[in-house]
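Listed here are the chains, written in short residue letters.
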Amino acid sequence: MEIKEVTLNGISTTLIKTSKFKTINIHVVFLGEFSKETATRKSLLTRVLANSTKKYPTKKALATKLLDLYDASAGVVTYPSGKTSVTVFSIEIVNEKNLGIKGLTKEAVELLWEVIFNPNLENGLFSEKDFLEQKRLLRERLNNVYNNKTRYALREMLKKMAPEEIISASSLGSLEDLEKVTNEDLVAQYKEMLEKENVSLYVCGDFEEESMLRDLSLLGEIKSQPHEHETVLTEPVRVKKVREYFEKQKIKQAKLIMGFRSDVNSKSELYPAALVFNAMYGGIFASDLIRLVREENSLAYTITSMFMDDVMVLVVAAGIDGSKYQLTTDLVIKQLEYYKQGGINPELLQTAKENLTNDLLQIEDNPVQLINFALKNYLHGLNYTVSELEAAIKAVTPEDVQRVALGVNLDTIFLLVGEDDDGKKL
């Protein structure tokens, strides 16, 4: 595999050349501001742009074109990284070498251009039918968050934990803001993306560089502003007091979400150690929280931890009996304190490293994951290769894990509990 950085028409372009895959994957990435004010409009915009273009004005017409391209797949997604909105336009096609034809990559790039630069506008606005339909579907998706109790509890915990911080904003947006979005607002957001955002390109597959760059040049002259948005938060938040919040609903299994502040992000020297700490704590099936809370004390149906490295937050999520709230939270806190005191199990440390390195090895077997790895390097200003990150993880010591734990502090607890639970037990 060869990874090469070039500039095409002023655009940063990453070429990942490998003969491992029978497909060609092309991603065009726009980086702009992510905020509570823009989240809903960005979320709706990606849905409208993915549904049709001027040349293919219906979802069926666009799907038929993809079928004509030997069952290609295309998509538009948006998600946040720190205070940055990441919008990805992607297409995956069968490598024309394997079909014995020419021109398929060129057609794929032309279709990608259609999706990005030739939306289905009528008199300067998006098709009213498309606009209203996608607004309805997004409304349903937002309502469904309430029905997914774990996701709902996580969102509520983040809102309680940091009401004035970027982590309280959902990439889906909000129902309140969605009702206010007009077609004119969406067109303005689209124009801002084209005129004011940073653009980068990523290609993965078995291709000739000269031919690929010639095909990519069909995207034309894309305006690209400097990559200046904050993709990783760098200022640790000091915890003054642990806050607890409870909400009752008609549910049988309580959802416990515990939010911790960390002083490590993806740019930190201790980033590899933070990955290992999270895996040991609750990130893998053999983790301490699984063993201690679920297996030894039968306090949780499920329990896991996840490290949000761009915003320096660690989350522990569990499905529990509401009456076991205090016992469960006490054990989660006790285990963290054990790590802070240097209680690092060498066997679990090795297991965590093996799990993480196996996950990294799988990245090289998936073209989308390879592109996402390269994109994260670009976003966060990193220069890891997969093998270098693997080596860094293998080099993590018990003392490194302890240092990570020392910087992790409980901030907020949110418990979504059944209406029949006796509040005195909480």
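Note: the structure precedes this text.
What you see is a predicted model, and the numbers here were worked out from it, not measured in a lab.

A. Region of the structure containing the sheet that holds strand β1 (residues 2-8). Read from one edge of the open sheet, six strands run β1-β2-β8-β3-β5-β4, paired in mixed fashion. The open sheet is flanked by β1 and β4 (73-81), the only strands paired with a single partner. If you compare each strand with its neighbour and ignore which way they point, the axes differ by 20° on average. By the bridge criterion, seven bridges tie strand β3 (residues 23-33) to strand β8 (residues 198-205) in an arrangement that is antiparallel. Residue pairing in the sheet places Val28 in a bridge with Leu201 of β8. Where helix α9 (residues 209-216) meets the sheet, its contacts fall on β1, β2 (11-17), β3 and β8, and the angle it forms with β1 comes to roughly 40°.

B. Geometry of the packing of aromatic side chains. What the rule picks out here adds up to nine aromatic pairs. For the ring pair Phe246 and Tyr325, a centre distance of 5.2 Å and an interplane angle of 75° mean the geometry is edge-to-face. Pair noted here: Phe246 is in strand β9 (residues 243-249) and Tyr325 is in helix α12 (residues 325-340), with a separation of 79 residues, a long-range link. With a centroid separation of 5.3 Å and an interplanar angle of 15°, the aromatic rings of Phe277 and Tyr281 are classed as stacked. Pair noted here: Phe277 and Tyr281 are both in helix α10 (residues 271-283), with a separation of four residues, about one helical turn. Grouping aromatic residues by their ring pairs yields a cluster made of Phe277, Tyr281 and Tyr339. A cation over an aromatic ring shows up here: Lys149 above the ring of Tyr146, its NZ or CZ 3.6 Å from the ring centre. Its end group placed over the ring of Tyr152, Lys149 keeps NZ or CZ at 6.0 Å from the ring centre.

C. The nonpolar core, seen in detail. If you look at the biggest cluster of nonpolar residues, it comprises 66 residues, and the most contacted ones within it are Phe260, Phe277 and Tyr281. Element by element, the count of residues in this core is highest for α10, at nine residues. Among all residues touching Phe260, those that are not within four sequence positions of it are Met161, Tyr281, Met312, Val313, Leu314, Val316, Val332, Leu336, Val408, Asn409, Leu410 and Asp411. One finds Val48, Ala108, Leu111 and Leu216 within the second-largest nonpolar core, a separate group that totals 50 residues.

D. A look at α12. Taking 1.5 Å as the rise per residue, α12 with 16 residues should run 22 Å; its terminal C-alpha atoms sit 23 Å apart, in good agreement. Those residues of α12 lying buried are Tyr325, Thr328, Thr329, Leu331, Val332, Gln335, Leu336, Tyr339 and Lys340. Of the residues one or two after α12, Gly342 is the one with positive phi, at around 95°.

E. Geometry of the layout of surface pockets. Within this model, the largest pocket holds a volume of roughly 910 Å³. For the largest pocket, the lining is made up of 32 residues, of which Tyr271, Leu275, Phe307, Asp309 and Lys376 are closest to its centre. Residue assignment for the lining of the largest pocket shows that the elements contributing at least two residues are β4, α10, β11 (300-308), α13 (346-363), α14 (367-380) and α15 (386-394). Among the elements that take part in the lining of the largest pocket, α14 stands out by supplying eight residues, more than any other.

F. Broad picture of the pairing of β8. Taking burial as the measure, the eight residues of β8 include eight buried ones, the bulk of the element. A two-sided burial pattern is seen for β8, the buried positions comprising Asn198, Ser200, Tyr202 and Cys204 on one face and Val199, Leu201, Val203 and Gly205 on the other. Here β2 pairs with β8 via six bridges, running parallel. By the bridge assignment, Leu15 is partnered in β8 with Val203.

G. Examining the side chain of Thr13 more closely. Here Thr13 lies in strand β2. With relative accessibility at 0%, the residue Thr13 sits in the buried group. Ignoring sequence-local partners within four residues, the contact set of Thr13 consists of Lys4, Glu5, Val6, Leu8, Leu201 and Leu216.

H. Focus on the pattern of salt bridges. In total, this model carries 24 salt bridges according to the counting rule given. A salt bridge links Glu107 to Lys65, with the nearest nitrogen and oxygen atoms 3.0 Å apart. Of this pair, Glu107 sits in helix α4 (residues 104-117) while Lys65 sits in helix α2 (residues 59-68), placing them 42 residues apart in sequence. Here Lys65 falls in the buried class, since its relative accessible area comes to 16%. Ionic pairing is found between Asp206 and Lys97, a salt bridge with its closest N-O pair at 3.4 Å. In this pair, Asp206 is assigned in the loop between β8 and α9 and Lys97 in helix α3 (residues 96-99), connecting sequence segments 109 residues apart. By relative accessible area, which is 29% here, Asp206 ends up partly exposed.

What counts as what
- Residues numbered from 1 in each chain as written.
- Predicted model: local features only at pLDDT ≥ 70, side-chain atom pairs only at ≥ 80, totals over all residues.
- Heavy atoms only, no water.
- Pairing = 2+ DSSP bridges.
- Helix = DSSP H or I, 4+ residues; strand = E, 2+ residues; numbered from the N terminus.
- Axes fitted to C-alpha atoms, helices over the stretch in contact; angles between N-to-C directions.
- Contact = heavy atoms within 4.5 Å.
- Phe/Tyr/Trp six-rings, centres within 6.5 Å; stacked < 30°, edge-to-face > 60°.
- Lys NZ or Arg CZ within 6 Å of the ring centre and 35° of its normal.
- Core = buried A, V, L, I, M, F, W, Y, C linked by side-chain atoms within 4.5 Å.
- Buried < 20%, exposed > 50% of the residue type's maximum accessible area, 1.4 Å probe, protein only.
- Expected span 1.5 Å × (residues − 1).
- 1 Å grid on protein atoms, 1.4 Å probe; cavity = no way out; pocket = protein on both sides within 12 Å on 5 of 7 lines; lining within 4 Å.
- Points joined across faces, edges and corners; volume = space filled by probe spheres on them.
- Salt bridge = Lys/Arg side-chain N within 4 Å of Asp/Glu carboxyl O.

Distances and angles like these do not, on their own, reveal function.
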